[in-house]
Amino acid sequence: MLLKKNKQTNRAELKINGVKYHLDIIEGSTGEKALDIRQLRSDTGLITLDPGYKNTGSCCSSITYLDGEKGILNYRGYAIEELAEKCSFVEVAYLLLHGELPNLEQLNRFRHLLRRYALIHEDMIHFFDHFPPNATPMSILSSMVNVLCNYYPEMSDDPLENIDSTAARLISKIRTIAAFSYKKSIGHPLVYPRYDLDYCGNFLNMMFDRPVIPYEVKPEIVATLNKLLILQADHEQNCSTSAVRLVGSAGVNLYAAISAGINALWGPLHGGANQAVIDMLEAIYKDGNDFKKYIEKAKDPDDPFRLSGFGHRVYKTYDPRAKIIKKACDETLAILNISDPLLDIAKQLEEVALNDDYFKKRKLYPNVDFYSGIIYRAIGIPTNMFTVMFALGRLPGWIAQWKEMWEDPETKIGRPRQIYAGPTKRELIPLHER
Ligand code: ACO
């Protein structure tokens, strides 16, 4: 790992009951500093308490860098703005997994693997028949991804053996599973993947092609989807990625760890916010566009309502992904010649919030989820599939993080401590006396 001890102040002093302890200060490649507390408990008998891990680094990582104050996001050292503009999702997936952008030969080999692995075992198709008609797509996705380990048990002994083909298999199949679950939910025949289409084109075709109305894969929409998936591809140690690492650290196979990540992403405070944003914008629309009422609700400490798609644990400025998505939103709607009233509401909501003291004081800005749903809607993706789309995008990041964890000799099973606050020892009263 790219870590060095900070040269100027390479140690911190901690004084407990008059006894001094020294803690190393370590520094990452961009100057972020951390107190190394690995020996804290054995030296002092104390642990740290940090609910929500607001101040806790769980690992050292060379994959994604973000600066929440300046609004910087880089994958493997490349700025997100440049990747979103100049690369395909498949190139970025390769970058996350391997640390380098692929040359043409490497890219073609990766593309070939993605095409080759696109089918799922035919038996798995029967599983779709047994979910209830209104089953949530995220529950189907996490179940089906979990089940993949039974059909492709190649990594049961050594987690890193075959990782490249397993990664390609998973990245390819998740898209087929997502599209099949949608087709099943609307009672349409499944559309199988095609060898001649690229990653995003193939997905769109599996989603929208019908025997009676062939789907035309439009390059502009493919480009938009590539962009969205790139923007969602990794975001260092967020809730779902931490879930993948934590569950993975117990030694489960990659499919099980990714399934855990999908479940974490599902939550409305995390990836589920993209669906919650559209639900919120629709509610405002039905409420006569009274968005100020919703701003007031969001500010009311006695009301649990929050402005979905606003605020972020790390960004205290405009989320750089949201900036790109907002622009892409205007472009996509123009290409498709769609005028969506929800986009106008979103923009008004943003403007009012950004000029409101409550949001200013708390540094709450639109995040990645605020505008993404409007694009997905315009492409034809149903609202209940938005978080599935996020999972498709985030998958290469999850796999890269899982791989990095297994390659790091310092990895240990994730196991936080606690401060016990329950009753101290009590006498047990037999049942008949209670
Ligand atoms: N609307 C209104 N108030 C908010 C919002 C919001 N969207 N977000 C935060 N706040 C307020 C909180 O009420 C709190 O106010 P207080 O200091 O008066 O108590 C303050 O801002 C700080 O908020 P926390 O919840 O402590 O911040 P935290 O870092 O724990 O939470 C989170 C971050 C979960 C993203 C939060 O901003 C939120 O709930 N946003 C809405 C859901 C959302 O968009 N999630 C997607 C995030 S991006 C992603 O995960 C892919």
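Whatever comes next refers back to the structure up there.
The following refers to the structure shown. A quick note: this is a predicted structure, and the numbers were derived from the prediction, not measured.

Cut-off values and rules
Residues numbered from 1 in each chain as written. Predicted model: local features only at pLDDT ≥ 70, side-chain atom pairs only at ≥ 80, totals over all residues. Heavy atoms only, no water. Helix = DSSP H or I, 4+ residues; strand = E, 2+ residues; numbered from the N terminus. Buried < 20%, exposed > 50% of the residue type's maximum accessible area, 1.4 Å probe, protein only. Areas by Shrake-Rupley, 256 points an atom, 1.4 Å probe, with all protein chains shown as cover. Expected span 1.5 Å × (residues − 1). Bend = angle between axes of the 7 residues up to and from the residue. Phe/Tyr/Trp six-rings, centres within 6.5 Å; stacked < 30°, edge-to-face > 60°. Contact = heavy atoms within 4.5 Å. Polar contact = N/O pair within 3.5 Å; in protein donor to acceptor, adjacent residues only side chain to side chain. Salt bridge = Lys/Arg side-chain N within 4 Å of Asp/Glu carboxyl O. 1 Å grid on protein atoms, 1.4 Å probe; cavity = no way out; pocket = protein on both sides within 12 Å on 5 of 7 lines; lining within 4 Å. Points joined across faces, edges and corners; volume = space filled by probe spheres on them. Nonpolar A, V, L, I, M, F, W, Y, C, P; charged D, E, K, R; others polar.

### Some words on the overall build of the chain
In terms of regular secondary structure, the chain is built from 18 helices and 7 strands. Along the first, second and third principal axes, the C-alpha set of the chain runs to 80 × 65 × 55 Å. Going through the 434 residues of the chain one by one, you find that 48% of them count as buried. Surface summary for the chain: the accessible area is close to 22400 Å², and the carbon and sulfur share equals 51%.

### A short note on helix α18 (residues 386-407)
Between its first and last C-alpha, α18 extends 32 Å over 22 residues, near the 32 Å set by a 1.5 Å rise per residue. Taken as a whole, α18 carries its principal kink of about 45° at Arg 394; the proline Pro 396 stands between one and four residues after it. Taken across its 22 residues, α18 has 20 buried, putting it largely inside the fold.

### A short note on the packing of aromatic side chains
Under the counting rule described, the total for this entry stands at 15 aromatic pairs. Seen in terms of ring centroids, Phe 127 and Tyr 151 are 6.3 Å apart; in terms of plane orientation they differ by 55°. Their pairing is tilted. Taken together, the residues Phe 127 in helix α5 (residues 122-128) and Tyr 151 in helix α6 (residues 137-151) connect sequence positions 24 residues apart. Taking relative accessible area as the criterion, Phe 127 reaches 28% and is therefore assigned partly exposed. Here Tyr 182 and Phe 208 contribute two aromatic rings whose centre-to-centre distance is 6.3 Å and whose plane-to-plane angle is 70°, an arrangement assigned as edge-to-face.

### So, the environment of Arg 11
Tracing the chain through its elements places Arg 11 in strand β2 (residues 11-16). If we skip the residues at most four places from it in the chain, Arg 11 touches His 22, Leu 23, Asp 24 and Ile 25. A polar contact is formed between the side chain of Arg 11 and the side chain of Asp 24, at a distance of 3.4 Å.

### Brief notes about the pattern of salt bridges
The final tally for this structure, using the stated rule, is 19 salt bridges. Residues Arg 38 and Glu 410 are paired through a salt bridge, measuring 2.5 Å at the closest nitrogen-oxygen approach. Pair noted here: Arg 38 is in the loop between β4 (33-35) and α1 (40-44) and Glu 410 is in the segment after α18, with a separation of 372 residues, a long-range link. Residues Arg 38 and Glu 410 agree in their burial class; the two are exposed. The partner of Lys 299 in a salt bridge is Asp 356, and the shortest N-O contact between them spans 2.8 Å. Of the two residues, Lys 299 sits in helix α13 (residues 291-299) while Asp 356 sits in the loop between α15 (341-354) and α16 (357-361), which places them 57 residues apart along the sequence. Exposure remark for Lys 299: the relative accessible area of 22% places this residue in the partly exposed category. By relative accessible area, which is 13% here, Asp 356 ends up buried.

### Considering the layout of surface pockets
Looking at the second largest pocket, its volume works out to about 280 Å³. Around the second largest pocket, the lining is made up of 16 residues, and of these Phe 208, Arg 210, Tyr 215, Glu 216 and Ile 379 lie nearest the centre. Listed by contribution, the elements that provide at least two residues to the lining of the second largest pocket are α7 (163-185), α8 (199-208) and α17 (369-379). A breakdown of the residues in the lining of the second largest pocket according to their chemical character gives 11 nonpolar, 1 polar and 4 charged.

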